[in-house]
Amino acid sequence: MLEMFRSGGPVMYPLLACSIVVLTVIIERLFFWIRIDMHHSQSLINEVLDLCRTGDWEAVRLRTHHSKDYIIRILVTGILHRDFSMTRAMESLAADEVRKMQQFMNIIDTMITVSPLLGILGTVTGVISSFDAIGSSGIDHPQIITAGLAEALVTTAAGLIIAIFAVFPYNYFNSRIENAVLNIERYATSLEIVYEKLMCPDACGKTGISE
């Protein structure tokens, strides 16, 4: 591996930096989503919505006091601002939560784009080295020519490997973000409906809406 790295020429150093950055961000995001899954409690979310149906706000506060579930935090924020603007309060916190989920994703996206370009740059410099070798020594020293060709091929392969390695977790993290946004919208809407039914039971009854 060390010999192959050396044969790739100077472009291999920025490619190495790209691979380290990508690996670091992927590991950080994996731990982030593991923490999200560990703190998620579907049963607590259902319990909060049930308590909201009866208007037991004190019970909601006590049950969610130590929760680190992002959906619970958003719902509680809406409940705390129920007398002012429940929807806007939840939208504001939801935007912050989604921003945390999207953190560093632009770095992975950049590395997916830059790594193959660096590989192509290495290809160009390797081919230039080969032609320079041919111009200076002819074809009497093929090892000089093959060194340039090796640089061209190795850098291209390295750039593609980094991009391919990064694209799968990038798509996975994006799918997790999309699912989180859908869950936020679903439970926030459920809370709004529950609160509206609690505040206007007569109007709900007149329109034929029942529990």
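Residues numbered from 1 in each chain as written. Predicted model: local features only at pLDDT ≥ 70, side-chain atom pairs only at ≥ 80, totals over all residues. Heavy atoms only, no water.

Colleague: How do you make sense of the side chain of Arg29 when you look at a structure like this?
Modeller: Inspection of the secondary structure puts Arg29 in helix H2 (residues 12-39). Classification of Arg29 by relative accessible area gives buried; the value is 1%. Within the structure, the side chain of Arg29 is placed 2.9 Å from the backbone oxygen of Lys100, a separation counted as a polar contact. Not counting the four nearest positions on each side in its chain, Arg29 is found in contact with Lys100, Met101, Gln103, Phe104 and Phe173. (Helix = DSSP H or I, 4+ residues; strand = E, 2+ residues; numbered from the N terminus. Buried < 20%, exposed > 50% of the residue type's maximum accessible area, 1.4 Å probe, protein only. Polar contact = N/O pair within 3.5 Å; in protein donor to acceptor, adjacent residues only side chain to side chain. Contact = heavy atoms within 4.5 Å.)

Colleague: Mind showing me how you'd approach the side chain of Ser115 here?
Modeller: Following the sequence through the fold, Ser115 ends up in helix H7 (residues 105-137). Not counting residues up to four positions away in its chain, the partners in contact with Ser115 are Leu15, Cys18, Gly159, Ile162 and Ala163.

Colleague: Hey, could you run me through a nonpolar patch on the surface in this one?
Modeller: A contiguous nonpolar patch, built from Leu23, Ile27, Leu30, Phe31, Ile34, Met38, Phe165 and Tyr172 and spanning about 800 Å² of accessible area, is present on the exposed surface. For the nonpolar patch, the secondary structure elements donating two or more residues are H2 and helix H8 (142-199). It is H2 that contributes the most residues to the nonpolar patch, six residues altogether. As for its position among the elements, Leu30 is in helix H2. For Leu30, a relative accessible area of 40% translates into the label partly exposed. (Patch = residues over 30% accessible without salt bridge, like charges linked within 9 Å, V, L, I, M, F, W, Y side chains within 5 Å. Areas by Shrake-Rupley, 256 points an atom, 1.4 Å probe, with all protein chains shown as cover. Salt bridge = Lys/Arg side-chain N within 4 Å of Asp/Glu carboxyl O.)

Colleague: So what exactly am I meant to see when it comes to the confidence of the model for the protein chain here?
Modeller: Detailed reading of predicted coordinates is not advised where the pLDDT is low. Of all residues in the protein chain, 85% have pLDDT values of 70 or greater, and the mean over the chain is 87. By mean pLDDT, the top-scoring element of the protein chain is H2 (96), and the lowest-scoring one is helix H9 (residues 201-206) (53). (pLDDT = per-residue confidence, 0-100.)

Colleague: Looking at this structure, I do not really get the environment of Val98. What am I missing?
Modeller: Of note, Val98 is situated in helix H6 (residues 86-101). The exposure class assigned to Val98 is buried, which follows from its relative accessible area of 15%. Separated by 28 residues in the primary sequence, Val98 and Tyr70 place their C-alpha atoms 9.7 Å from one another. Excluding residues within four positions of it along the chain, Val98 makes contact with Ile177, Val181 and Ile184.

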